[in-house]
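Summary of the model geometry
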Amino acid sequence: MNKLTSQEILDNRLRLKTSIETMKWLAMQGCAFRGRDESVNSTNRANFIELIKLQARANEEIAKLVLENAPANSKYTSSMIQKELLHILANNVRRKIREEIGDAKFCILVMKLLMNLPRNKWPSF
């Protein structure tokens, strides 16, 4: 296996960080990630890639490393990579929620029960 230079490691980290920050923003805004035509010639390559392009326009260091300037095996833009990163982010959110709730699992059960009732039938606490 080839050993990566320290610069290659830093470049990969910046590419990955750019993809993660893009995913976080799109997820928080409830936006779609993928589009119909994400080819290089498309005028609208979907939210994920367009947002990475926006970050590249704002930061020359990112521009040198992402999308067409990235090696084919480390673009971090494929749907498989996006799904894996989203899975990791979702697990982190669930872990944080569990840490905050702690032993108060009862509140989850109450919320599940309340969600099945019409709002006007909810008890006042």
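Treat the numbers as computed from the prediction; the structure is a model and nothing was measured. (Residues numbered from 1 in each chain as written. Predicted model: local features only at pLDDT ≥ 70, side-chain atom pairs only at ≥ 80, totals over all residues. Heavy atoms only, no water.)

**Re the overall build of the protein**
- The number of helices and strands found in the protein is five helices and zero strands.
- Listing each helix as α and each strand as β along the protein from the N terminus yields α-α-α-α-α.
- Considering only contacts within the protein whose residues lie at least 6 apart along the sequence, 52% involve residues at least 24 apart.
- Counting only carbon and sulfur atoms, one obtains 57% of the accessible surface of the protein, whose full area is about 9900 Å². (Helix = DSSP H or I, 4+ residues; strand = E, 2+ residues; numbered from the N terminus. Contact = heavy atoms within 4.5 Å. Areas by Shrake-Rupley, 256 points an atom, 1.4 Å probe, with all protein chains shown as cover.)

**Brief notes about the environment of Tyr 76**
- Considering the arrangement of structural elements, one finds Tyr 76 in the loop between α3 (60-63) and α4 (79-101).
- In this structure the C-alpha to C-alpha distance between Tyr 76 and Asn 12, which are 64 residues apart in sequence, comes to 9.1 Å.
- With residues near it in sequence (within four places) discarded, Tyr 76 still touches Asn 12, Arg 15, Leu 16, Ser 19, Phe 48 and Ile 81.

**Focus on the confidence of the model for the protein**
- Taken residue by residue, the protein gives an average pLDDT of 81. The fraction at 70 or more is 80%.
- Confidence scores differ between elements of the protein, with helix α5 (residues 106-115) showing the lowest mean pLDDT of 62 and α3 the highest of 92. (pLDDT = per-residue confidence, 0-100.)

**Points about the side chain of Arg 15**
- On the secondary structure map, Arg 15 appears in helix α1 (residues 6-29).
- Buried charged residue Arg 15 carries no salt bridge. Nearest counter-charge: Asp 11, at 5.1 Å.
- Within polar-contact distance, the side chain of Arg 15 engages the backbone oxygen of Leu 65 at 3.1 Å.
- For Arg 15, the residues in contact, after removing those within four places along its chain, are Leu 65, Val 66, Ala 70, Pro 71, Ser 74 and Tyr 76. (Buried < 20%, exposed > 50% of the residue type's maximum accessible area, 1.4 Å probe, protein only. Lys, Arg positive; Asp, Glu negative; His and termini not counted. Salt bridge = Lys/Arg side-chain N within 4 Å of Asp/Glu carboxyl O. Polar contact = N/O pair within 3.5 Å; in protein donor to acceptor, adjacent residues only side chain to side chain.)

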